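Residue strings, one per chain:
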Amino acid sequence: MLRKPQQKRKSRSDRYVFVALVAIEFLMSFTFLGYIHIEPISITIAYIPILIAGCFLGAGQSTAIGLFFGLSSMYKASAYYVMPLDKMFSPFLSDYPLGSLLLSVGTRALFGWLVGVLFMLVKKLRHPRIGVGVVSLLSPKLHSILVYAAMGLLFPELGYNFANAFHVDVSDASLSLLCLLVVEGAWNLRQREGIRNFNAYLDRACETENAKRERGRLRVSGVLFLFCILCAVVATTFYFAQRMTYMLGVHGLSLSAEAERDLFHLQLQSLFATLALNFLLAVCVLVVYRYLSYREYIGQLDAITGAMGRKMFNHYCENHLESKEAMASGAGWFLFVDLDYFKSINDTLGHPVGDFVLKRVAQSLSSIFSAYGGIGRMGGDEFAVLLTSPMTKMQLSQKLDAFLTEISTILDAQEKVTCSIGACRFAYPYDMQTLYSETDRLLYAAKRNGRARYVMGALDGGELQLLDA
């Protein structure tokens, strides 16, 4: 049975982005980065991470970040020193706790969901980029409408309703322009080829056996790191809280219970902001580590074909032949693929055409076999393929026939491109060097038999047995 290609999962880079956006949301919510204080109320821009999540991750992620935003604003509004109208966002200071909870948390979560749904809908349009821009421009006003409508419904005595949200001034235009620039900038960044290639590398690399073992070590290291940071930040916060109270006493100053509570409230805000910043830095360090691994990976790819280079392919084979997953699969195939008369193509048609033929052969191998194993260029005109999925001789024959047919038309009428192929079936575990040499014997058997063909064999008890094609 052939292994079915796995269903598309959520991109690993998207997980990093989501964690980073959560950290940025807390950082903006608990510092001056997310609020502009204008009497008698504060104007917030802390919903920008919600827009990024809604545009690029989905409605679920934007709703979650909206929930975090609402909880943060509710906490900030619970201090006695906040502006008068901000107190309605706190269930501890208002006369209607449930209404305050719905106003501070409910509206922000609803805003996140609506933004995510709107971005999803406009991406289906003929010109999604325009739709994304329109949603970005209107999102600050949508947030205002939801908040003011909830204020009018839950706290009518204050005299606010959704009509207040339609007042437009310079600050409104500035907020809309800021949202547009941020989302459009993020869109341009994600469309860059280097970013797309890096994301694809993350998704592929994290599925390997080595990556799974490394991910376990990274998780343990990350948890220990974050735990140490948490302990250090909490200890520092409580230390300075105690020392501040002591210092005021030394100077003969005493604070009321409300003032002490507000002071501790501020120190906890500092704690949350510091934790968010450290968490964001941890994500950045992890992404940089992944990027350096990606640069090393790119350096080991074959420059002409984009397939694995010899060193990388050998490493890939060694890792797979020793993996538990390979042992469980029982058997695999190893292929050597050699271009026939490649020197003649270079001499008569030129090296650029030869490079084109190499690239197209690698693409054909990838399109047919990449779902079942790995492909590498061993040097010159020779490729190798390790098929890690169980496959019958008949199934492999069909794929090899399809490959030979596909490459025959690469140069159209100029010259027919053919390959000689040796295919060796083996049972795990098996020594790689022995596997190489036995497959090489099959390749040269195909050359001796007239080229443009494949010869199949099986390693049984250490002896190579030929199989009928």
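What you see is a predicted model; the values in this text were computed from it and never measured.

Participant: Even after reading the chapter, I still don't get the side chain of E25, so can you show me in this structure?
Facilitator: In this structure, E25 sits in helix α1 (residues 12–29). No salt bridge is formed by the buried E25; its nearest oppositely charged neighbour, R108, is found at 8.5 Å. Excluding anything up to four places from it in sequence, E25 contacts A46, P49, I50, I65 and F69.

Participant: How should helix α13 (residues 351–369) be read in this particular structure?
Facilitator: Each full turn of the α-helix corresponds to 3.6 residues, which orients residues three or four apart in the same direction. The terminal C-alpha atoms of α13, which comprises 19 residues, lie 27 Å apart, in line with the 27 Å expected from a rise of 1.5 Å per residue. Those residues of α13 lying buried are G354, V357, L358, V361, A362, S364, L365, I368 and F369. Seen along its axis, α13 keeps its buried residues to an arc of 160 degrees; they face one direction. Turned more than 90 degrees off the buried face of α13, the exposed positions are P352 and S367.

Participant: Even after reading the chapter, I still don't get the packing of aromatic side chains, so can you show me in this structure?
Facilitator: Any two aromatic rings considered together are summarised by their centre-to-centre distance and by the angle between their planes. For the structure on display, the rule yields 15 aromatic pairs. Aromatic side chains F313 and F334 sit 6.2 Å apart centroid to centroid with 45 degrees between the ring planes, which places their arrangement in the tilted category. Note that F313 is positioned in helix α10 (residues 310–321) and F334 in strand β3 (residues 331–339), a separation of 21 residues in sequence. Across the pair, exposure class does not vary: F313 and F334 are buried alike. Directly above the aromatic system of F69 lies the positively charged group of R108, at a separation of 4.5 Å from the ring centroid. Stacked on the ring of Y341, the Lys or Arg R451 has its end atom at 4.8 Å from the ring centre.

Participant: Would you mind showing me how to read the pairing of strand β5 (residues 382–387) here?
Facilitator: The element β5 is largely enclosed, with a buried count of six among its six residues. In this structure, β3 lies alongside β5, joined through six bridges in antiparallel fashion. Each bridged residue has a counterpart across the sheet, and for W333 the counterpart in β5 is L387. By the bridge criterion, six bridges tie strand β4 (residues 373–379) to β5 in an arrangement that is antiparallel. Opposite R377, over in β5, you have F383 as the bridge partner. Between β4 and β5, which pair antiparallel in sequence order, lie two residues; one of them, G380, sits at a positive phi of approximately 60 degrees.

Participant: Just checking my understanding: could you explain the packing of helix α2 (residues 48–56) against helix α3 (residues 59–76) for this structure?
Facilitator: Two numbers describe a pair of packed helices, the interaxial angle and the distance between the axes. One can describe the packing of α2 onto α3 by two numbers: an axis separation of 8 Å at closest approach and a directional angle of 165 degrees. By the criterion of interaxial angle, the relationship of α2 to α3 is roughly antiparallel. Handedness of the crossing formed by α2 with α3: right-handed. Facing P49, I50, A53 and G54 of α2, the residues of α3 in contact are Q61, S62, I65, G66 and F69. Looking at the contact of α2 with α3 residue by residue, the classes come out as five nonpolar, four polar and no charged.

Participant: How do you make sense of α10 when you look at a structure like this?
Facilitator: Here α10 spans 16 Å end to end across twelve residues, near enough to the 16 Å set by a 1.5 Å rise per residue. Among the residues of α10, M312, F313, N314, C317, H320 and L321 are the ones counted as buried.

Participant: What is the right way to look at unusual backbone geometry in this model?
Facilitator: Both trends apply: most residues other than glycine have a negative phi, and most peptide bonds are in trans. Residue Y341 is not a glycine yet carries a positive backbone phi of 55 degrees. With a phi angle near 65 degrees, R451 is a residue other than glycine that sits in the positive phi range. By secondary structure assignment, the location of R451 is in the loop between α15 (432–448) and β7 (454–460).

Participant: Any chance you could explain the nonpolar core here in plain terms?
Facilitator: The tendency in soluble globular proteins is for nonpolar side chains to be buried as a group. Counting 32 residues, the largest nonpolar core has V361, L365, F369, L387, L396 and F403 as the members making the most contacts within it. For this core, the elements supplying multiple residues, two or more each, are β3, α12 (342–349), α13, β5, α14 (393–407), β6 (419–427) and β7. Top contributing element to this core by residue count: α13, with seven residues. The contact partners of F403, leaving out residues within four places of it in the chain, are V337, V361, S364, L365, I368, C419 and I421. Among the nonpolar cores identified, the runner-up in size contains 28 residues, and A53, C55, F111 and A186 belong to it.

Participant: It is not clear to me how the environment of M88 should be interpreted in this structure. Could you clarify?
Facilitator: Along the chain, M88 falls in the loop between α3 and α4 (97–122). Between the C-alpha atoms of M88 and L158, which are 70 residues apart in sequence, the distance is 9.8 Å. Beyond its immediate stretch of four places on either side in the chain, M88 contacts S94, S100, L103, M151, F155 and L158.

Participant: Mind showing me how you'd approach the pattern of salt bridges here?
Facilitator: A side chain with one charge may pair with a side chain of the opposite charge, provided their charged atoms come close. In total, this model carries eight salt bridges according to the counting rule given. Of the charged contacts in the structure, one is a salt bridge between D262 and R261, with a shortest N-O distance of 4.0 Å.

Participant: Explain the packing of α12 against α13 here, please?
Facilitator: Close contact between α12 and α13 brings their axes to 7 Å; oriented N to C, the two are set at 140 degrees. Comparing their axes, α13 and α12 come out oblique. Contacts between α12 and α13 involve F342, I345, N346 and L349 on the former and, on the latter, H351, V353, G354, V357 and L358. Each residue belonging to the contact of α12 with α13 can be placed in one class, and the counts come to six nonpolar, three polar and no charged.

Here is what the cut-offs are and how they apply
Residues numbered from 1 in each chain as written. Predicted model: local features only at pLDDT ≥ 70, side-chain atom pairs only at ≥ 80, totals over all residues. Heavy atoms only, no water. Helix = DSSP H or I, 4+ residues; strand = E, 2+ residues; numbered from the N terminus. Buried < 20%, exposed > 50% of the residue type's maximum accessible area, 1.4 Å probe, protein only. Lys, Arg positive; Asp, Glu negative; His and termini not counted. Salt bridge = Lys/Arg side-chain N within 4 Å of Asp/Glu carboxyl O. Contact = heavy atoms within 4.5 Å. Expected span 1.5 Å × (residues − 1). Arc of directions from axis to C-beta. Phe/Tyr/Trp six-rings, centres within 6.5 Å; stacked < 30°, edge-to-face > 60°. Lys NZ or Arg CZ within 6 Å of the ring centre and 35° of its normal. Pairing = 2+ DSSP bridges. Axes fitted to C-alpha atoms, helices over the stretch in contact; angles between N-to-C directions. Parallel < 35°, antiparallel > 145°, perpendicular 65-115°, else oblique. Left-handed = near helix turned anticlockwise from the far one by under 90°. Nonpolar A, V, L, I, M, F, W, Y, C, P; charged D, E, K, R; others polar. Core = buried A, V, L, I, M, F, W, Y, C linked by side-chain atoms within 4.5 Å.

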